[in-house]
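Tertiary structure, described
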Amino acid sequence: SDDRITADVLDTDTGGIAEVDVTPMRDALRLALDRIRDRPARGAVSAADGHFIFHLSSERGCKAAGSLRLPRISPEGIVATDAAVVFARCWPIDHPISEMGERNETPCGEYLMLWTEARQEFGGRINMLVVVLLCARTGDAPERKLVVPALAGDEPRGNVIADFGGVFGGGFAAITYAPASGVVAACSKPWRGLPPPVVVVWDWTSSACLRALFLDPQAARATTLGQT
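In this text the structure is predicted, and so the values were computed from the model without any measurement.

By definition, the strands of a sheet pair up through backbone hydrogen bonds, in either a parallel or an antiparallel sense. The strand order across the open sheet built from four strands is 3-4-5-6, with neighbouring strands paired in antiparallel fashion. The open sheet has two edge strands, strand 3 (40-47) and strand 6 (84-91), and neither has a second partner. Strand-to-strand twist in this sheet, taken as the mean axis angle between neighbours without regard to direction, amounts to 15 degrees. Relative to strand 5 (residues 63-69), strand 4 (residues 51-58) is paired through seven bridges, and the arrangement is antiparallel. Across the sheet, the residue bridging to Phe 52 is Leu 68, located in strand 5. Across the sheet, helix 1 (residues 23-35) lies against strand 3, strand 4, strand 5 and strand 6, angled at about 25 degrees from strand 6, the strand it touches most.

Right under this line is the structure:
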């Protein structure tokens, strides 16, 4: 029909390219929202380890998301199987994933990381990351609050919050999750003069801040932090 949605998909294992029908994912999300009598307000599409992930914010402030497992494609561009809907679900307005109003997302293996910055203390500077890991295979969406350490030892440039939320720079330039080691790592945006960034590493399971790496040549020492 005229309302079909298709996508050109590259199979990175075989090099094959084919047009894949992703309409079932759209229809499954519509049905999930219809069940709670809601409508989509805005949405985005990402990719994670052989899946398309669609996630939507609704008019009432809920979050809906679904995963479509992509088919194998031969080198000649022949689709071996149809794309299959893995899940399509909604979360209530008070769930952490529904509070991800900013469009911050990072594919991390089979997960799509959604995250936002919190500015609750220290003069309005960033002092916390709120992170949700949406699993493309299961639809699980656990959340963690990852605190940025205020100080780290006696470093000359030891105020980590100042580096992440300072006057001449601030914010997170990049963030990722490593499933094999179970850690989240983030680096700050550049400051005036472009010194190397500050990198902070957290343990996902406990939310503990493990390391703050001050990569400035004037303070190029890793400081181990205690659990917060």
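On we go from here.
Averaged over every residue, the pLDDT of the protein chain is 81; residues scoring 70 or more account for 77%. Predicted confidence is poor over residues 152-158, with pLDDT under 50, and the contacts of this stretch with residues over four places away or in other chains come to 23 contacts. The low-confidence segment residues 219-228 (pLDDT under 50) makes 28 contacts with residues lying over four places distant or belonging to another chain.

A few words now on the packing of aromatic side chains. For the coordinates displayed, the defined rule picks out two aromatic pairs. Judged by centre distance (5.6 Å) and plane angle (85 degrees), the ring pair of Tyr 111 and Tyr 177 falls under edge-to-face. Of the two residues, Tyr 111 sits in strand 8 (residues 111-118) while Tyr 177 sits in strand 11 (residues 172-178), which places them 66 residues apart along the sequence.

Turning our eyes to something else, we now look at helix 1. For helix 1, with 13 residues, the first-to-last C-alpha span of 19 Å sits near the 18 Å given by 1.5 Å per residue. Every buried residue of helix 1 is accounted for by Thr 23, Met 25, Arg 26, Ala 28, Leu 29, Ala 32 and Leu 33. Against strand 2 (17-21), strand 3, strand 4, strand 5 and strand 6 lie the buried residues of helix 1. Residue Arg 37 follows helix 1 closely and has a positive phi angle near 55 degrees.

Right, let's get into the nonpolar core. The biggest cluster of nonpolar side chains holds 18 residues, and the ones touching the most others in it are Met 113, Leu 129, Val 131, Ile 175, Val 184 and Trp 202. Taken together, the elements giving at least two residues each to this core come down to strand 8, strand 9 (128-135), strand 11, strand 12 (183-188) and strand 13 (198-203). Contacts of Leu 129, omitting those with residues within four sequence positions, involve Trp 115, Thr 116, Glu 117, Arg 144, Lys 145, Leu 146, Phe 172, Ile 175, Ala 186 and Trp 202.

Strand order in the open sheet formed by four strands is 7-8-9-10, and the pairing between neighbours is antiparallel. The outermost strands of the open sheet, each flanked by one partner alone, are strand 7 (105-108) and strand 10 (143-147). Shown here is a sheet whose adjacent strand axes are inclined to one another by a mean of 25 degrees, direction ignored. Inspection of the sheet shows strand 8 paired to strand 9 by eight bridges, in the antiparallel sense. Its bridge partner lying in strand 9, Ala 118 is registered against Met 128.

So, on to the pairing of strand 13. Taken across its six residues, strand 13 has six buried, putting it largely inside the fold. Side chains Val 198, Val 200 and Trp 202 of strand 13 all project onto a buried face; the interleaved residues Val 199, Val 201 and Asp 203 project onto the opposite face, where all are buried too. Relative to strand 13, strand 12 runs antiparallel, the two being bridged by five bridges. Counted as the bridge partner of Val 184 is Trp 202 from strand 13.

Within strand 4, eight of the eight residues are buried, leaving the element largely enclosed by the surrounding structure. Burial along strand 4 is two-sided: the residues His 51, Ile 53, His 55 and Ser 57 and Phe 52, Phe 54, Leu 56 and Ser 58 are all buried. Examined bridge by bridge, strand 3 and strand 4 share seven bridges and lie antiparallel to one another. Residue pairing for strand 4: Gly 43 is matched across the bridge by Leu 56. In textbook terms, the turn of a hairpin is the stretch between consecutive antiparallel strands, and for strand 3 and strand 4 this stretch comprises three residues, one of which, Asp 49, has a positive phi near 50 degrees. From the end of strand 4 to the start of strand 5, which pair antiparallel, there are four residues, and Gly 61 there has a positive phi angle of about 95 degrees.

Conventions used here
- Residues numbered from 1 in each chain as written.
- Predicted model: local features only at pLDDT ≥ 70, side-chain atom pairs only at ≥ 80, totals over all residues.
- Heavy atoms only, no water.
- Pairing = 2+ DSSP bridges.
- Helix = DSSP H or I, 4+ residues; strand = E, 2+ residues; numbered from the N terminus.
- Axes fitted to C-alpha atoms, helices over the stretch in contact; angles between N-to-C directions.
- Contact = heavy atoms within 4.5 Å.
- pLDDT = per-residue confidence, 0-100.
- Phe/Tyr/Trp six-rings, centres within 6.5 Å; stacked < 30°, edge-to-face > 60°.
- Expected span 1.5 Å × (residues − 1).
- Buried < 20%, exposed > 50% of the residue type's maximum accessible area, 1.4 Å probe, protein only.
- Core = buried A, V, L, I, M, F, W, Y, C linked by side-chain atoms within 4.5 Å.

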